[in-house]
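Geometric and topological summary
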Amino acid sequence: MIRYEIQKEDTLHSIAEKYEMAVQDLIDIHNQNCGLTNVIIGDKIPIHLQYIFLEVDPSRQFRTSGIAFTKRARYRCELNNIIAIEGKPSFSAQTKTEYLFSSRKQDDDILFMLKLEDYVNSIQPQEMEAAFHLIREIEMIRDIVVYTQSEDGEIKDIINREELSEKWREFILRKAPEIPFYKEMENRDPETIRDFIENGNREFSDSEKLGKVLAKNMLYHILLKSQMKKNDYFSILQQSQLFPNILLAIEVSRTVVSDQGNTITYRLTGTLDKNRLDHDKIVRLYEEMYQPVIKYSFTEFNLIYRITYTVEKASGLLMDATASIKEQVKNNYESITKFELRRVEL
């Protein structure tokens, strides 16, 4: 039981939302624990009331970066990445993760929190596992992220960026030199390691840059779009998975698939804007990178972007999602991403 001091801008709805309660439950708990002259009647806070009594489940409370959050949802995710040459898989990676999600109002903004609780992956061919071990360690640096987002579904600010930056510096100083793949690369190609460190320094020192890196994670990407205000048409810029230093402009439309009971399901459909594509550069990169192996000439470059997700109306929480993103040089080379998310019990 806590005694909440009422602030000037508070309403019964805003307090209930902050503590993730129904307004009527808040009123009932308060009235059962206050004196007769302080009971709440109706749907407004009595003008003379200074405190409201609340009952909060301590098992759902935790603090991170000095901020108190209430656990709202836990998500299990499965990400499958496949590289196919002439339709035959040549590489596959499966990553299973579990995240804790929360949000809370603070001043005029909403703070979102994602905590990475589990991370398991498997790679084929196994010779590449060492490289993915380094990737896993970097993901664990970003194990807790507190952020705000803009109305158009982009990360606006990372509240605990300085803490993440300190963890990055500690990782580079102490942990990275002990990772076999890092040591091998440091001996074989020191310039690559220097670039790796410099890129990391830039990302962790700037909320905008780090936000763009996080948004490449499929869970962040879908969560950001699911919390987006009414915007049924928008554009995204995505780094090509096949060609270095090529940005892909994707025009996305959002439609309602179903609206039943307490859930609503949306579909995001993306179309590659080929007018903003440097076609000659892509052909040249294909001829340099892939044609010596595949032998076949360049055909047609395209991208398929499909995401379907379901939101609970009452809470606004993401319930489940699937995503399919395919980047391809038709019939020759494909990068395929499949993603599934489901909400599990807290």
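The text that follows walks through the structure, step by step, so that each part is easy to find.

Time to look at the overall build of the chain. The helix and strand tally for the chain stands at 10 helices and 15 strands. Principal-axis analysis of the C-alpha atoms gives the chain an extent of 85 × 50 × 30 Å. Buried residues in the chain amount to 42% of all 346 residues. For the chain, contacts bridging at least 24 residues in sequence account for 59% of all contacts bridging at least 6. Element-wise, carbon and sulfur atoms account for 47% of the exposed surface of the chain, whose accessible area totals about 19400 Å². One finds the centroid of the 47 positive side-chain charges in the chain at a distance of 1 Å from the centroid of its 56 negative side-chain charges.

A word on the packing of helix H4 (residues 161-175) against helix H6 (residues 190-204). Between H4 and H6, the least distance of the axes is 9 Å, while the angle of their chain directions is 165°. Taken together, the axes of H4 and H6 are roughly antiparallel relative to one another. Our pair here, H4 against H6, has a crossing hand that is left-handed. On H6, the residues that touch Arg 161, Leu 164, Ser 165, Trp 168 and Ile 172 of H4 are Phe 196, Ile 197, Gly 200, Asn 201 and Phe 204. The residue makeup of the contact of H4 with H6, split by class, is six nonpolar, three polar and one charged.

Now for the environment of Ser 122. Inspection of the secondary structure puts Ser 122 in strand E7 (residues 109-124). Its relative accessible area of 37% is what places Ser 122 among the partly exposed residues. Aside from chain neighbours lying at most four places away, what touches Ser 122 is Ser 92, Ala 93 and Gln 94.

Scanning the entire structure with this criterion turns up 18 salt bridges. The partner of Glu 98 in a salt bridge is Arg 76, and the shortest N-O contact between them spans 2.5 Å. A residue pair is termed long-range when its members are at least 10 positions apart, and Glu 98 in strand E6 (residues 88-106) and Arg 76 in strand E5 (residues 73-85) qualify at 22 residues.

Helical geometry note: an α-helix holds 3.6 residues per turn, so side chains three or four residues apart project in the same direction. With 15 residues, H4 extends 20 Å between its outermost C-alpha atoms, agreeing within 8% with the 21 Å of an ideal straight helix rising 1.5 Å per residue. Close packing links the buried residues of H4 with helix H3 (129-141), strand E8 (144-149), strand E9 (155-158), H6 and helix H7 (207-214).

Moving on: the environment of Ala 215. Note on placement: Ala 215 falls in the loop between H7 and helix H8 (218-226). Once the C-alpha coordinates of Ala 215 and Ile 155 are considered, the two residues, 60 residues apart in sequence, prove to be 7.6 Å apart.

What follows concerns the packing of H3 against H4. Packed helices, taken two at a time, are described by the angle their axes make and the gap between the axes. Interhelical geometry of H3 versus H4 gives an angle of 145° and a closest axis separation of 9 Å. Of the residues in H4, those touching H3 at Leu 134, Glu 137, Ile 138, Met 140 and Ile 141 are Leu 164, Lys 167, Trp 168, Phe 171 and Lys 175. Among the residues making up the contact of H3 with H4, the classes are represented as seven nonpolar, no polar and three charged.

The next thing to look at is the sheet that holds E9. Across the sheet, which stays open at both edges, the 11 strands sit in the order E9-E8-E7-E6-E5-E15-E14-E13-E12-E11-E10 with antiparallel pairing between neighbours. Strands at the two margins of the open sheet, each flanked by one partner only, are E9 and strand E10 (233-239). When the angles between neighbouring strand axes are averaged without regard to direction, this sheet yields 25°. For E8 and E9, the ladder comprises three bridges, and the chain directions are antiparallel. Bridge pairing in E9 links Thr 148 to Asp 157. Running at roughly 120° to E9, H7 makes contact with E8 and E9 of the sheet.

Before going further, it helps to spend a moment on the packing of aromatic side chains. Working definition: an aromatic ring pair is given by the centre-to-centre distance plus the angle between the planes. Applying the stated criterion to the full structure yields 16 aromatic pairs. Ring pairs connect the aromatic residues Phe 243, Tyr 286, Tyr 290, Phe 298, Phe 301 and Tyr 333, which therefore count as one cluster. Over the ring of Tyr 266 we find Arg 254, and its NZ or CZ is 5.0 Å from the ring centre.

Calculation notes
- Residues numbered from 1 in each chain as written.
- Predicted model: local features only at pLDDT ≥ 70, side-chain atom pairs only at ≥ 80, totals over all residues.
- Heavy atoms only, no water.
- Helix = DSSP H or I, 4+ residues; strand = E, 2+ residues; numbered from the N terminus.
- Buried < 20%, exposed > 50% of the residue type's maximum accessible area, 1.4 Å probe, protein only.
- Contact = heavy atoms within 4.5 Å.
- Areas by Shrake-Rupley, 256 points an atom, 1.4 Å probe, with all protein chains shown as cover.
- Lys, Arg positive; Asp, Glu negative; His and termini not counted.
- Charge placed at Lys NZ, Arg CZ, Asp CG, Glu CD.
- Axes fitted to C-alpha atoms, helices over the stretch in contact; angles between N-to-C directions.
- Parallel < 35°, antiparallel > 145°, perpendicular 65-115°, else oblique.
- Left-handed = near helix turned anticlockwise from the far one by under 90°.
- Nonpolar A, V, L, I, M, F, W, Y, C, P; charged D, E, K, R; others polar.
- Salt bridge = Lys/Arg side-chain N within 4 Å of Asp/Glu carboxyl O.
- Expected span 1.5 Å × (residues − 1).
- Pairing = 2+ DSSP bridges.
- Phe/Tyr/Trp six-rings, centres within 6.5 Å; stacked < 30°, edge-to-face > 60°.
- Lys NZ or Arg CZ within 6 Å of the ring centre and 35° of its normal.

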